[in-house]
Amino acid sequence: MNILIVGSGGREHALAWKIAQSDHCKNLYIAPGNAGTGLCGTNVDIDILDIGNLRQFSLENRVDLLVVGPEAPLVEGITDSFRIGDTKHINIIGPSAYAAQLEGSKAFAKKFMQKYNLPTAAYLEISRDNISSGIKFLEELKPPYVLKADGLAAGKGVLILDDLTEAKAQLKDMLDGKFGKASEIVVIEEFLSGIEFSVFALTDGKSYVLLPEAKDYKRIGEGDTGLNTGGMGAISPVPFIDDLLWKKVVQSIVEPTIKGIAAEKMDYTGFVFFGLISVGGEPMVIEYNCRLGDPETEVIIPRIKSDLLQLFRDAVSGNLKDAKMEVDSRSASTVMMVSGGYPGDFDKGKLINGSEKIKSSLIFHGGTKKTGKEIFTNGGRVLAVTTLNDDYRKAVRISLSNADKIHFEGKYYRHDIGFDL
Ligand code: AMP
Ligand code: GLY
C-alpha cells in the first residue's frame, strides 16, 4: 500500500519509522517531512494546509492511505476534502472537521463532555453578548482562574490566573481579540488540582484499541517552570497509573467518549488523545485532541510491537473490535533537544553533528533539514532522543548522555524529565 503522512515533526518521523517497517508498506511519502522522515520514505514539498496539492499528489502517486499528523489540517477539513470526488477511495487516519472540533473548539468539547457525562471541570461558555455572566461566574469560582480561547491558538490560548481583577481584565482582552478569532468565545473553567497524564486510542468511530499511555513535560525550564512549549520530553508508561486508575479511565472516560462519537455519528477514524488529570485518584478530562501528541508519539510508537499499518487497515475497514495491540513492557523516555531561545525567537540553520553515531537511543527529527550531506536545525524542537529500558530512570539517563553527544549551536534540553515520578 502507498501511504502519505502529513506533517513534519518528531511525531511524523516516529510514525514514518514505524510504518516503513510494515510488510504492507510499498511507497511512503511525507509532506513536507524533515531530514529524519527522509530516511524512512520520500519527502514531498507540500504544505500541510495545501489540501488541493495534497489531493493532486495522492492521485498522481496512487496513495491508498492518508495519515494526518497535526490538528490544523484536520480542523481545516482535509478529511472531508479527501472524502469527495476522485480521492474518495483513499482511506484516512484522521477525523472529519466536524469531529475535529473536539480539539478545535473548547466549547464544542465541553458540550460533548457534558452530554455524555464525562468527569470534567465545571465551565461556562462566554461571548461578548454574555460577558456579565462571565464576570459573575469568575466571582463564584475560587482562584486560580482558568480562561481558554475556544479555538486553536498554537498552544497559547489557556491562561491560568491567581488574581480575580486580572482574570476579569483578561476575559475582556480575550473577547476583544487577544488571540484573534480563536478567543471570540472563551471557556471559563473551574481549576482542577492534580497530576496530568495522557491516554491515546485508535478508533474507527465505534470501537477502539488503546495505545500505551504517556506523560509529557510542557514547560521550558527544569522543575516544570517557565514558558509553555510544545513539549520538552515524555515518559511511557506512567508509573503512578495503577490498575484501579486505569480501570476508571477506561470505564468513565474512554468508553463514554467512544460511545458519544458513535452516537453523534461522527466520521472519526483516527486517534483520540485524552488529556487527563488525576484529582485525588479520580481521572477527569482536561481536553481532547484529535491526533497523537508530540513528543508523546516518540515514546508511544517505539513501545508498540504490533504492525501499525495492520491496525490502520483494521480501523479504516471498521474491524478494530477484534484488533490486538501488543506493547513492549519496557519503559520509553524521550528528551527533546531544542534551539536556543525556544519557545521565543530562535535561529535556524545551525549545523547538527553527532546524531548519526548514536546507537543506544532512537533519534526522531523535528525541526531539521538536509542540505547536501549535512543536517541543519530548521525549527524550535529539533531532535527527540528516545530510549527503551526496563527502568524509566535509566532510559532518561541514556537519552541525556546521548543528547550530550549531539551538537548544534545553542542546543538546550531539560535534564529532569520524569523528575516528579
Ligand atoms: P488545554 O489546552 O485545555 O490542555 O490546557 C493547557 C494546560 O492548562 C493543561 O495541560 C493543564 O496543565 C492546564 N489546564 C487546563 N485546564 C485546566 C483546569 N481546568 N484546571 C487546571 N489546569 C488546567
Ligand atoms: N505534547 C502535547 C501535544 O502534542 O499537544
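Bear in mind the structure is a predicted one, so any value in this text is a computation, not a measurement. (Residues numbered from 1 in each chain as written. Chains lettered and ligands numbered in written order. Predicted model: local features only at pLDDT ≥ 70, side-chain atom pairs only at ≥ 80, totals over all residues. Heavy atoms only, no water.)

Q: Can you help me understand the site of ligand 2 in this one?
A: Surveying the vicinity of ligand 2 reveals the residues Asp216, Gly230, Phe273, Arg291, Gly293, Asp294, Pro295 and Glu296. At a separation of 3.0 Å, a nitrogen atom of ligand 2 approaches a polar side-chain atom of Asp216. Between an oxygen atom of ligand 2 and a side-chain N or O atom of Arg291, the distance comes to 2.9 Å. Coverage of ligand 2 by the protein amounts to 88% of the 200 Å² it exposes when considered alone. Looking at the shell around ligand 2 residue by residue, the class counts come to 2 nonpolar, 2 polar and 4 charged. (Near = heavy atom within 4 Å. Polar contact = N/O pair within 3.5 Å; in protein donor to acceptor, adjacent residues only side chain to side chain. Areas by Shrake-Rupley, 256 points an atom, 1.4 Å probe, with all protein chains shown as cover. Nonpolar A, V, L, I, M, F, W, Y, C, P; charged D, E, K, R; others polar.)

Q: What is the right way to look at the sheet that holds strand 19 (residues 351–352) in this model?
A: Through backbone hydrogen bonds, the strands of a sheet pair up, either in parallel or in antiparallel fashion. Spatially, 19-22-21 is the arrangement adopted by the 3 strands of the open sheet, whose pairing is antiparallel. Each having just a single partner strand, strand 19 and strand 21 (368–371) make up the two edges of the open sheet. When strand 21 meets strand 22 (residues 374–377), the two strands line up antiparallel, connected through 4 bridges. Considered in strand 22, the bridge of Lys370 is made with Ile375. (Pairing = 2+ DSSP bridges. Helix = DSSP H or I, 4+ residues; strand = E, 2+ residues; numbered from the N terminus.)

Q: How do you make sense of the pairing of strand 18 (residues 331–338) when you look at a structure like this?
A: Working note: regular strand, side chains alternate between the two faces of the sheet. Counting buried residues in strand 18 gives 8 out of 8 residues, a clear majority hidden from the surface. A two-sided burial pattern is seen for strand 18, the buried positions comprising Ser331, Ser333, Val335 and Met337 on one face and Ala332, Thr334, Met336 and Val338 on the other. Alignment of strand 18 against strand 23 (residues 381–389), held across 8 bridges, turns out to be antiparallel. From the neighbouring strand, Ser331 faces strand 23, where its bridge partner is Asn389. (Buried < 20%, exposed > 50% of the residue type's maximum accessible area, 1.4 Å probe, protein only.)

Q: Which parts of the structure should I look at to understand the packing of helix 7 (residues 131–140) against helix 8 (residues 164–175)?
A: Packed helix pairs are specified by the crossing angle of their axes together with the interaxial distance, meaning the distance between the axes. For the pair helix 7 and helix 8, interaxial distance at closest approach is 10 Å and the crossing angle is 155°. Taken together, the axes of helix 7 and helix 8 are roughly antiparallel relative to one another. The handedness of the crossing between helix 7 and helix 8 is right-handed. Residues Ile131, Gly134, Ile135, Leu138 and Glu139 of helix 7 lie in contact with helix 8, whose contacting residues are Leu164, Ala167, Lys168, Leu171, Lys172 and Leu175. Here the contact of helix 7 with helix 8 is built from residues that sort into 7 nonpolar, 1 polar and 3 charged. (Axes fitted to C-alpha atoms, helices over the stretch in contact; angles between N-to-C directions. Parallel < 35°, antiparallel > 145°, perpendicular 65-115°, else oblique. Left-handed = near helix turned anticlockwise from the far one by under 90°. Contact = heavy atoms within 4.5 Å.)

Q: Sorry if this is basic, but what is going on with the sheet that holds strand 10 (residues 195–203) here?
A: What the 4 strands build is an open sheet, ordered 11-10-16-17; its pairing is antiparallel. Edge strands, defined here as strands with exactly one partner in the open sheet, are strand 11 (208–210) and strand 17 (282–289). Within this sheet the neighbouring strands show an average axis-to-axis angle of 35°, counted without direction.

Q: How should I be thinking about the nonpolar core in this particular structure?
A: Nonpolar side chains in soluble globular proteins tend to be buried together. Among the nonpolar cores identified, the biggest contains 49 residues, and Leu66, Ile78, Phe274 and Tyr288 are the most heavily contacted of them. If one sorts the elements of this core by residue count, helix 9 (residues 243–263) sits on top with 7 residues. (Core = buried A, V, L, I, M, F, W, Y, C linked by side-chain atoms within 4.5 Å.)

Q: Is there a simple way to explain the site of ligand 1 in this structure?
A: What surrounds ligand 1 is a group of 14 residues, the closest being Lys148, Glu189, Leu192, Glu196 and Glu287. Contact distances for ligand 1 include 2.9 Å between an oxygen atom and a side-chain N or O atom of Lys148. The separation between a nitrogen atom of ligand 1 and a polar main-chain atom of Glu190 is 2.9 Å. Summarising the interface, the protein chains cover 86% of the accessible area of ligand 1, which totals 470 Å² for the free molecule. Mapped onto the shell around ligand 1, the elements with two or more residues apiece are strand 7 (145–149), strand 8 (158–161) and strand 17. Looking at the shell around ligand 1, its residues break down into 7 nonpolar, no polar and 7 charged.

Q: Mind showing me how you'd approach the environment of Ala234 here?
A: Examined against the element boundaries, Ala234 turns out to sit in strand 15 (residues 233–236). Expressed as a C-alpha distance, the spacing of Ala234 and Pro295, which sit 61 residues apart in the sequence, is 6.3 Å.

Q: Whenever I open this one, the side chain of Asp216 confuses me. Can you help?
A: Checked against the element boundaries, Asp216 lands in strand 12 (residues 215–216). Contact partners of Asp216, with chain neighbours within four places excluded, come to Gly230, Gly231, Gly233, Ala234 and Glu296.

Q: Is there a simple way to explain the pairing of strand 10 in this structure?
A: Counting buried residues in strand 10 gives 7 out of 9 residues, a clear majority hidden from the surface. Strand direction decides the pairing type here: strand 10 and strand 11, joined by 3 bridges, are antiparallel. Note on strand 11: the bridge partner recorded for Ala201 is Leu210. Hairpin connection between strand 10 and strand 11: a loop of 4 residues separates the two successive antiparallel strands, and Gly205 in this loop has a positive phi of roughly 95°.

Q: Just checking my understanding: could you explain the packing of aromatic side chains for this structure?
A: Here a ring pair, both rings aromatic, is described through the centre-centre distance and the interplanar angle of the planes. The full count for this structure, using the stated rule, is 11 aromatic pairs. The interplanar angle of 80° and the centroid separation of 5.0 Å between the aromatic rings of Tyr29 and Phe57 together place this pair among those described as edge-to-face. Of this pair, Tyr29 sits in strand 2 (residues 28–32) while Phe57 is found in helix 2 (residues 51–60), placing the two residues 28 residues apart along the sequence. Each of the two residues, Tyr29 as well as Phe57, counts as buried. What links up through ring pairs into an aromatic cluster is the set Phe112, Tyr116, Phe274 and Tyr288. Cation over ring: Lys215 sits above Tyr217, and NZ or CZ is 5.3 Å from the ring centre. (Phe/Tyr/Trp six-rings, centres within 6.5 Å; stacked < 30°, edge-to-face > 60°. Lys NZ or Arg CZ within 6 Å of the ring centre and 35° of its normal.)

Q: Looking at this model, I keep getting lost on the pattern of salt bridges. Mind explaining?
A: Any two side chains of opposite charge can pair, on the condition that their charged atoms come close. Going through the model one piece at a time under the given rule, you end up with 23 salt bridges. For Arg128, the salt bridge goes to Asp176, with nearest N and O atoms at 3.5 Å. Pair noted here: Arg128 is in the loop between strand 6 (123–126) and helix 7 and Asp176 is in the loop between helix 8 and strand 9 (186–189), with a separation of 48 residues, a long-range link. Comparing Arg128 with Asp176 shows no difference in burial state: the two are exposed. For the salt bridge of Arg393 with Asp391, the shortest nitrogen-to-oxygen distance reads 3.3 Å. Linked by salt bridges that have partners in common, Glu71, Glu103 and Arg291 make up one network. (Salt bridge = Lys/Arg side-chain N within 4 Å of Asp/Glu carboxyl O.)

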